[in-house]
Amino acid sequence: MSTSSRPTTHPVSVSAPPRLAAETCLQIYDLMLRARVLEERLITMYKQGDGFFWIGGPGEEAFNVPLGLLVDKGRGVDHDFLHLHYRSAATLLAMGADPVDALRQMKNVASDPYSKGRNFAGHFSVREWNIVPVTSPIEVQYSIAIGTARAQRKAKGITVVQGGDAGTAEGDFATCMVWASRKGAELPVLMIVTNNRYGISTPYAGQHGYEQISDRGKAFGIQTAVIDGNDPEASYAALKQAIAYVRNEKRPFLLEAMVSRLRGHSSASGANLVKDEIDCVARFEERLIERQILTRAEIDRRRETYTNELAEAAKHVRTEAQPTPESAFDYIFAERNLVGEDN
Amino acid sequence: MSTSSRPTTHPVSVSAPPRLAAETCLQIYDLMLRARVLEERLITMYKQGDGFFWIGGPGEEAFNVPLGLLVDKGRGVDHDFLHLHYRSAATLLAMGADPVDALRQMKNVASDPYSKGRNFAGHFSVREWNIVPVTSPIEVQYSIAIGTARAQRKAKGITVVQGGDAGTAEGDFATCMVWASRKGAELPVLMIVTNNRYGISTPYAGQHGYEQISDRGKAFGIQTAVIDGNDPEASYAALKQAIAYVRNEKRPFLLEAMVSRLRGHSSASGANLVKDEIDCVARFEERLIERQILTRAEIDRRRETYTNELAEAAKHVRTEAQPTPESAFDYIFAERNLVGEDN
Amino acid sequence: MATMIQAIRLALHVGETRLGVTDIFGEDVGAPLGGVFTGTQGLETAWNTPLDERGIVGTAIGLALAGQRPVAEIQFCDYAFNTIDLLKLAGNTYWSSGGDWNVPMVLMTPVGAGIRGSIYHSHSFDATATRIPGWKIVMPSNPRDAYGLMLSAIVDPNPVMFLMPKALLRLKGKPSDLLPGEPEDDKQLASMIDAPLGDRSAWKPRWPDVQELYIPIGESRIARPGSRVTVLTYGRNVPMAVAAADELAAEGIDTEVLDLRSLHPYDWPAIAASVRKTNRVLCVNEDTEVTNFGEHLIRRIVEELFYELHAPPRLVAGAHLPGIGLADALEMASVPQKDGIKTAIRELAAHEP
Amino acid sequence: MATMIQAIRLALHVGETRLGVTDIFGEDVGAPLGGVFTGTQGLETAWNTPLDERGIVGTAIGLALAGQRPVAEIQFCDYAFNTIDLLKLAGNTYWSSGGDWNVPMVLMTPVGAGIRGSIYHSHSFDATATRIPGWKIVMPSNPRDAYGLMLSAIVDPNPVMFLMPKALLRLKGKPSDLLPGEPEDDKQLASMIDAPLGDRSAWKPRWPDVQELYIPIGESRIARPGSRVTVLTYGRNVPMAVAAADELAAEGIDTEVLDLRSLHPYDWPAIAASVRKTNRVLCVNEDTEVTNFGEHLIRRIVEELFYELHAPPRLVAGAHLPGIGLADALEMASVPQKDGIKTAIRELAAHEP
Ligand SMILES: Cc1ncc(C[n+]2csc(CCOP(=O)(O)OP(=O)(O)O)c2C)c(N)n1
Ligand SMILES: Cc1ncc(C[n+]2csc(CCOP(=O)(O)OP(=O)(O)O)c2C)c(N)n1
Ligand SMILES: [Mg+2]
Ligand SMILES: [Mg+2]
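Residues numbered from 1 in each chain as written. Chains lettered and ligands numbered in written order. Predicted model: local features only at pLDDT ≥ 70, side-chain atom pairs only at ≥ 80, totals over all residues. Heavy atoms only, no water.

Enquirer: Which residues make up unusual backbone geometry, and what are the values?
Expert: The step from Ala31 of chain C to Pro32 of chain C runs through a cis peptide bond, and the omega angle for that step is 0°. Secondary-structure assignment places Pro32 of chain C in the loop between β1 (24–26) and β2 (46–48). Note that the residue after His264 of chain D, namely Pro265 of chain D, is joined by a cis bond; omega there is -10°. Structurally, the position occupied by Pro265 of chain D is in the loop between β10 (262–264) and α8 (268–278). (Helix = DSSP H or I, 4+ residues; strand = E, 2+ residues; numbered from the N terminus.)

Structure, rendered in structure tokens:
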């Protein structure tokens, strides 16, 4: 974990990433691999005409898996709220989501639990786990996160909000910092920027006046850190520290994770493999082999198993029913208050 | 001129405010007094039923007069563009505006040159001097200023944009910083925050996470300074320096001026004199008397003259025609391009 | 008799003490001001936000998603136009998530002309609001409805927009419309719940023991019964239309004024019944007339009740202008006035098919 | 034959080389992408903005106030709803300043469904746009109109919104509608002005010597003449309505399709003439149906042409839903389709007064 070049206003002590125990490494790796294989399956589905659009997170697994493992999963203010973006499948898997559900959303079948065939791939929603619906409009989650965080000022849970680098140019990113850092009314919110140095086709260089996006938090007295999001151990350590800080101090933290965009922006840009980007899964595999936690053969076996499982699942999903035309008119107004049920 | 407590990222050398020459002091003082008397007349008009609403800048004269004197007044990109707010009458007067026109807008007569009886007091617009229309929605001027500044990247003029402290919570304030500081595409914009420590009834304390608003500029590599806006000499010096920097370097500068709100927010809050606020006019008078530039008697005479002049003018304005009902339908679409005429 | 703004304040008091409202917030909503129209004076859970409408709406959505019942205010609806994307999100979250998350928030905001508010304190919001699916939209025309609609808004599991007709906020209700538990003497009420002028730091309201009264969202009210012409209206234009109708009664024109109260969902059965009775219909509202909610009502009436109509339906609405000017003559020419309503009713009544 | 997106690109090329356009900008508008729909590929003055729609609109207003002629893009109109306040400002600056400042900017943005764009790539913007006074609003249905309307938009001294029907952007024009100066062979055109796949760093367009062609803002076009029923529509629904009309001709129903092209100001004389001829009118557009621009047209028709009507006017528009769902069946059920248009025309034609 490297801190940003300029000093933080409230320095966080960030030690070199500790080696995680072999067991934890294996757990993380397994989820990273499952997430990667899931994204590959989704892309294949798109390319085979089993979905209209793909967007997702190949290249963010090393960061998103630890996030999913470290949050306090559950329902209501005493658990963590997650305002994720559209590259968060690995976080969902780490929290225990069934990858088949992502295929269902890709194929927009009626059984898609996240949106009933209404929304694009990657637009998750799990009320049982406080995962609020992923929005297509960039950055609005940072304004909405203020609200869940406010509801948690005296609760055990915290709010986590995540988005990309380019999106921080929207006013909502500033809004989140302004509201989260009001003196005497600070909010327990972990703001995450997953910086892949692109917004669609537009490179980071030329659009940003600061060295690191997280520098913007400093004037607000917000804790900041920049980490190598391609390193699962660094990510795990940084997230653990940041989450603990937010939970204990009830104050905001702004964490910037440098990540890769391995398949370009989305299916709109082809979803093909991008050269010159670090592949966190491959890199972690090397580390695990080096540490003799796994062998190449074991890795290959796992990958094959997961790939086959999802290929089978995709076949099954293909047979599931599409939403009926009439179903477009369902869920316009709620009859009862679901969110308040047992809060 | 005191710099902010935290170091600027690109420090500006800010010397102690130099004494200005007696002549300049007199010029500034005279305009401050005229501006103050104008605001008092506007408030009287409101209280006598000669207007529906008053808002203005008593308490900002020591800053706003130097601003009006120091900008390069004129039309087109080679002169300075001004995106002011609704407390800027003193800037207008310093630029040479006729105070009677402010009375006309107050009384919403058809001869109001700023809005033809359509807009509230203080909502100026002078195309000949690049003063773009003052907007009621707070902070939008910071997003619009990006555009005039961009048009001036290779011109002699710069863009000046001004607003209050509370308004900086809007995303547009951040937008201006993001766009003005893009590496390699920096914009010649002087961002001014006139900090009177209130937004209507809401005090600064409790709403802001930073010590000074201008601290927010530092992460962007934007020059910043905090000054005593109640001191006309300090204001003059700081503005001169900031304007020169923006003009020569073609880069943004964020200047925060601490000012007073002598009559509260607006007529909606009574427009009565507020105790415990520094009165910059009274303070400057003392200084001028001490330096033997003016005597109390001369001051009293001036004040009386200006007061009488405006009382007369107000009487005259009262006789001017109101807009006709049909005139509401004028100026919906322009027939020709006024703004591009001789640019 | 409570004024409309007092009625709203009383409803919010019931909300925060009995209906689970945890946060009432917006610019200048907390102490010392208690709202630019005094709607939130003395409330326990009222607080001042930063000057940032996007943050206000975002916070409301977030609080609602966290299971709370927030009431947020946009100080003037004129300043809500940078939040339409967030309002759309609040309205589509239940649908987009396939019924996973509802968003039980209330957004209140003063609307309309009539106070010489010039370009940015005169906007209407009804047309825009009805264009945001997933929201319920209400707009009272008197204190009692304001009270009962606010309570319904608070307990509704969906986002509800509460449009406050600013020209009516200080008007008192009719003696017959006393809120349940409200003291009969309005001076007494004021002394109990209106903050004093000057220093308020030690002031505390004494709340009367008001009881719940729910005006169902979706139900209109016949503000004035009549037989010859139907006027469909809401908010500030209701008393205006009733006054117009009362004056026209002397000319022998018997006008029915329907106060919609809810703009979405609106009370189609009542509208249809009235049009079937009078065969002549006028829609009145203050919003600009191109792509106006009254035009929706007229379209539906024409589509479903064409052969009931003895005259072409009419709309009296705000002029399609970029703003409402400050000068009296400008404002009067820009939004409906009683005389214009009377003329339209007269023409409708006189029209023979 | 140029596609609509090529025609727009050619118009922007004329704009920047001959009409004083200095800045064409938006998210991904500059190199290397040249716009998510390729509308700005190869243009000299195209540049990439930060991901911030408010900054984009603000910049356009500022450039316009500085006397330039900016063309700004919002990547999808779905993402313009946080800028309505700024759009309102652009529209009211001339009026608010009493004629002091005009705002000569163009805002272009793709709109509508038809590409399986799900909730946030399927929005329409016509109803919202027509609610912003001070703007001219245009929406082409074919490449030639797109070209001519864009040129008119650029030279207009007022803010002009250019709505791009995204489902039509890749469709070619009719051979008879060649743009002036356009090479006849469309492969040749593509080889000249379409950026290659892969590395584009060395690529430069070779622009054909296209000439100016102005389609006046405010003039409609008869897309298909007819005598029995009038369809008032624009954008994506024009070819759909023409196809419906062509199919219905076999049933003996002769339908006139009026392509409005300009939504504000709209061509009332042409609308009135067509309605007077056919006595039956259908409005078709994709935007949600409550407080819809078609309802404005119907209101005006009813108000001014009531006794010309032999049937109640009809609206076929988007359902009043919080979103357009991704699954085929959902999208089809949410926005007008050819069959629904045919049914409505049939019913209108069959209707006897
Ligand atoms: C408000 C808004 N504007 C534009 C878009 C279109 N869009 C989708 S993704 C994207 C780029 C986002 O870049 P970044 O924030 O860096 O996230 P990344 O995709 O790189 O993870 C854009 C412009 C959008 N979805 N929302
Ligand atoms: C977008 C917007 N929201 C709310 C308002 C109402 N309003 C007018 S002035 C004001 C306070 C402004 O405070 P500040 O920015 O500090 O400027 P000051 O008036 O103190 O100079 C508010 C909330 C507005 N005009 N615009
Ligand atoms: Mg990115
Ligand atoms: Mg202030």
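This is not the end of the story, as more comes after the structure.
Enquirer: Before we move on, could you go through the pairing of strand β12 (residues 314–318) of chain C and cite the residues and values that matter?
Expert: Residues and elements named next belong to chain C. When you tally the buried positions in β12, you get four out of five residues, the bulk of the element. Here strand β11 (residues 281–288) runs beside β12; their pairing, made up of four bridges, is parallel. Within the sheet, the bridge partner assigned to Cys283 lies in β12 and is Leu315. As for the winding sense of the linkage, the β-α-β connection from β11 through helix α9 (residues 293–305) to β12 is right-handed. (Buried < 20%, exposed > 50% of the residue type's maximum accessible area, 1.4 Å probe, protein only. Pairing = 2+ DSSP bridges. Right-handed = clockwise from strand over helix to strand, strands pointing away.)

Enquirer: How would you sum up the pattern of salt bridges? Please name residues and give values.
Expert: Oppositely charged side chains may form a pair once their charged atoms are brought near each other. A full pass over the atoms with the stated rule returns 98 salt bridges over all chains. Among the salt bridges present, the one from Glu251 of chain C reaches Arg346 of chain C, with a minimum N-O distance of 2.8 Å. Here Arg346 of chain C lies in helix α11 (residues 338–350) and Glu251 of chain C lies in the loop between α7 (237–249) and β9 (255–259), a separation of 95 residues in the sequence. Owing to a relative accessible area of 43%, Glu251 of chain C belongs among the partly exposed residues under this scheme. A relative accessible area of 32% means that Arg346 of chain C is categorised as partly exposed. Here the salt bridges do not stand alone but share partners, grouping Asp231, Glu233, Arg287 and Arg291 of chain A into one network. (Salt bridge = Lys/Arg side-chain N within 4 Å of Asp/Glu carboxyl O.)

Enquirer: Pulling in residues and values, what's your account of the coordination of the magnesium ion (ligand 3)?
Expert: Residues and elements named next belong to chain A. In the first shell of the magnesium ion (ligand 3), the protein supplies Asp165 (OD), Asn196 (OD1) and Tyr198 (O), at 2.0 to 2.1 Å from the metal. Every donor residue of the magnesium ion (ligand 3) comes from the same chain, spaced as D-x30-N-x1-Y. Taken together, the positions of Asp165 in the loop between β2 (159–164) and α6 (171–180) and Asn196 in the loop between β3 (189–195) and β4 (198–199) put the pair 31 residues apart, joining distant regions of the chain. Judged by its relative accessible area of 2%, Asp165 falls in the buried class. (Donors = N, O, S within 2.8 Å, 3.2 Å for Na, K, Ca; no water.)

Enquirer: Give a description of the interface of chain D and chain C that names residues and reports values.
Expert: At the interface, 53 residues of chain D touch 53 residues of chain C. Between chain D and chain C, a total of about 4400 Å² is buried, with carbon and sulfur atoms accounting for 62% of that surface. Contact with chain C buries surface across chain D, with Trp95, Arg131 and Arg299 of chain D losing the most and accounting together for 16% of the total. On inspection of chain D and its partner chain C, the count reaches six salt bridges. For Arg299 of chain D, the salt bridge goes to Glu289 of chain C, with nearest N and O atoms at 3.4 Å. Along the contact surface separating chain D from chain C lie 28 residue pairs in polar contact (both at pLDDT 80 or more). Contributing elements (two or more residues each) for the side of chain D that touches chain C: α3 (84–96), α4 (126–130), β11 (281–288), α9 (293–305) and β12 (314–318) of chain D. In terms of residue count, the dominant contributor to the side of chain D that touches chain C is α3 of chain D (eight residues). Looking at the side of chain D that touches chain C residue by residue, the class counts come to 23 nonpolar, 19 polar and eleven charged. (Contact = heavy atoms within 4.5 Å. Buried area = accessible area lost by both parts, 1.4 Å probe. Polar contact = N/O pair within 3.5 Å; in protein donor to acceptor, adjacent residues only side chain to side chain. Nonpolar A, V, L, I, M, F, W, Y, C, P; charged D, E, K, R; others polar.)

Enquirer: Describe the pairing of strand β3 (residues 189–195) of chain B, and please don't skip the residues or the numbers.
Expert: Residues and elements named next belong to chain B. Counting buried positions along β3 gives seven out of seven residues, so the element sits mostly inside the fold. Residues Val189, Met191, Val193 and Asn195 point to one face of β3 and Leu190, Ile192 and Thr194 to the other, with burial holding for every one of them. By the bridge criterion, six bridges tie strand β2 (residues 159–164) to β3 in an arrangement that is parallel. Opposite Gly164, over in β3, you have Thr194 as the bridge partner. A crossover connection joins β2 to the parallel β3 through helix α6 (residues 171–180); in handedness this β-α-β unit is right-handed.

Enquirer: Got a sec to walk through the nonpolar core? Specific residues and values, please.
Expert: Where a protein is soluble and globular, its nonpolar side chains tend to be buried together. In terms of nonpolar packing, the biggest core is built from 271 residues, with Ile8 and Phe125 of chain C together with Ile8 and Phe125 of chain D touching the most fellow members. Ignoring anything within four residues of it in the chain, the contact list for Phe125 of chain C reads Cys77, Ala80, Phe81, Ile84, Leu87, Val111, Met161, Leu163 and Asp287 of chain C. (Core = buried A, V, L, I, M, F, W, Y, C linked by side-chain atoms within 4.5 Å.)

Enquirer: Account for the interface of chain B and chain A, with residues named and values stated.
Expert: Across the boundary between the two partners, chain B contributes 21 residues, which contact 21 residues of chain A. Contact between chain B and chain A buries roughly 1900 Å² in total, counting both sides, with carbon and sulfur atoms accounting for 49%. For the pair chain B and chain A, the number of links is two salt bridges. One salt bridge in this structure joins Glu211 of chain B and Lys183 of chain A, with 3.1 Å as the shortest N-O distance. Counting across the interface, chain B meets chain A through eight residue pairs in polar contact (both at pLDDT 80 or more). Per-class residue counts for the side of chain B that touches chain A are six nonpolar, eight polar and seven charged.

Enquirer: Please set out the coordination of the magnesium ion (ligand 4) residue by residue, giving values where relevant.
Expert: Here the magnesium ion (ligand 4) is held by the protein donor atoms Asp165 of chain B (OD), Asn196 of chain B (OD1) and Tyr198 of chain B (O), which lie 2.0 to 2.1 Å from it. Positions of the donor residues of the magnesium ion (ligand 4) along the chain correspond to the pattern D-x30-N-x1-Y.

Enquirer: Summarise the domain arrangement of chain C; cite the residues concerned and give the values.
Expert: Many descriptions give the size of an interface as the accessible area lost when the pieces come together. Residue and element names in this part refer to chain C. Taken domain by domain, chain C holds domain 1 (4–193) and domain 2 (221–350). Between the C-alpha centres of domain 1 and domain 2 the distance comes to 25 Å. The partner domain 2 presents 27 residues to the 28 residues of domain 1 that form the contact. In terms of surface lost to domain 2, no three residues of domain 1 exceed Arg116, Asp126 and Met139, which account for 25% of the buried area on that side. (Domains from an automatic or database assignment.)

Enquirer: Before we move on, can you summarise the site of ligand 1 with the specific residues and values?
Expert: By nearness alone, 21 residues border ligand 1, and Tyr86, Arg87, Asp165 and Gly167 of chain A together with Glu53 of chain D come closest of all. Ligand 1 sits at the junction of chains A and D, each of which supplies nearby residues. At 2.7 Å, a side-chain N or O of Asp165 of chain A approaches an oxygen atom of ligand 1. In this structure, Gly167 of chain A approaches ligand 1 through a main-chain N or O atom, which is 2.8 Å from an oxygen atom. Protein chains shield 95% of the accessible area of ligand 1, which is 580 Å² for the free molecule. Its residues assigned to classes, the shell around ligand 1 shows eight nonpolar, eight polar and five charged. (Near = heavy atom within 4 Å. Areas by Shrake-Rupley, 256 points an atom, 1.4 Å probe, with all protein chains shown as cover.)

Enquirer: Can you break down the confidence of the model for chain C residue by residue, with the values?
Expert: On average, residues of chain C score 97 in pLDDT, and 100% of them are at 70 or above. Reported confidence for the predicted complex is 0.97 by ipTM and 0.97 by pTM. (pLDDT = per-residue confidence, 0-100.)

Enquirer: If you had to explain helix α2 (residues 61–70) of chain B to someone new, which residues and values would you point to?
Expert: α2 of chain B sits mainly inside the fold: nine of its ten residues count as buried. Those residues of α2 of chain B not exposed but buried are Glu61, Ala62, Phe63, Asn64, Val65, Pro66, Leu67, Gly68 and Leu70 of chain B.

Enquirer: Could you give an account of the sheet that holds strand β6 (residues 223–228) of chain B, naming the residues involved and the relevant values?
Expert: All names here are of chain B. The parallel open sheet is built from five strands, whose spatial order is β1-β2-β3-β7-β6. Only two strands of the sheet have a single neighbouring strand rather than two, namely β1 (81–83) and β6. Mean inter-strand twist for the sheet, computed between neighbouring axes without regard to direction, equals 15°. Contacts from helix α5 (residues 140–151) reach β1, β2 and β3, with the element oriented near 175° to β2. (Axes fitted to C-alpha atoms, helices over the stretch in contact; angles between N-to-C directions.)

Enquirer: Outline the site of ligand 2, supporting the account with residue identities and numerical values.
Expert: The environment of ligand 2 is made up of 21 residues, and the closest members are Tyr86, Arg87, Asp165 and Ala166 of chain B together with Glu53 of chain C. Around ligand 2 the close residues trace back to chains B and C. Within the side chain of Arg87 of chain B, an N or O atom sits 2.6 Å from an oxygen atom of ligand 2. Taking Ser136 of chain B, its main chain carries an N or O atom lying 3.0 Å from a nitrogen atom of ligand 2. In isolation ligand 2 exposes 580 Å². Once the protein is present, 96% of that is buried.

Enquirer: For the relation of the copies chain B and chain A, give the residues involved together with the corresponding values.
Expert: Relative to chain A, chain B is turned by 180° and slid 0.0 Å along the rotation axis, the superposed coordinates differing by an RMSD of 0.0 Å. Here the copies are linked by what is in effect a two-fold axis. Every residue of chain B has its C-alpha some distance from the rotation axis, and the shortest such distance is that of Gly171 of chain B, at 1.9 Å. Here 100% of the contact residues of chain B are again contact residues in chain A; the copies associate through an equivalent surface. (Least-squares fit on C-alpha atoms with pLDDT ≥ 70 in both.)

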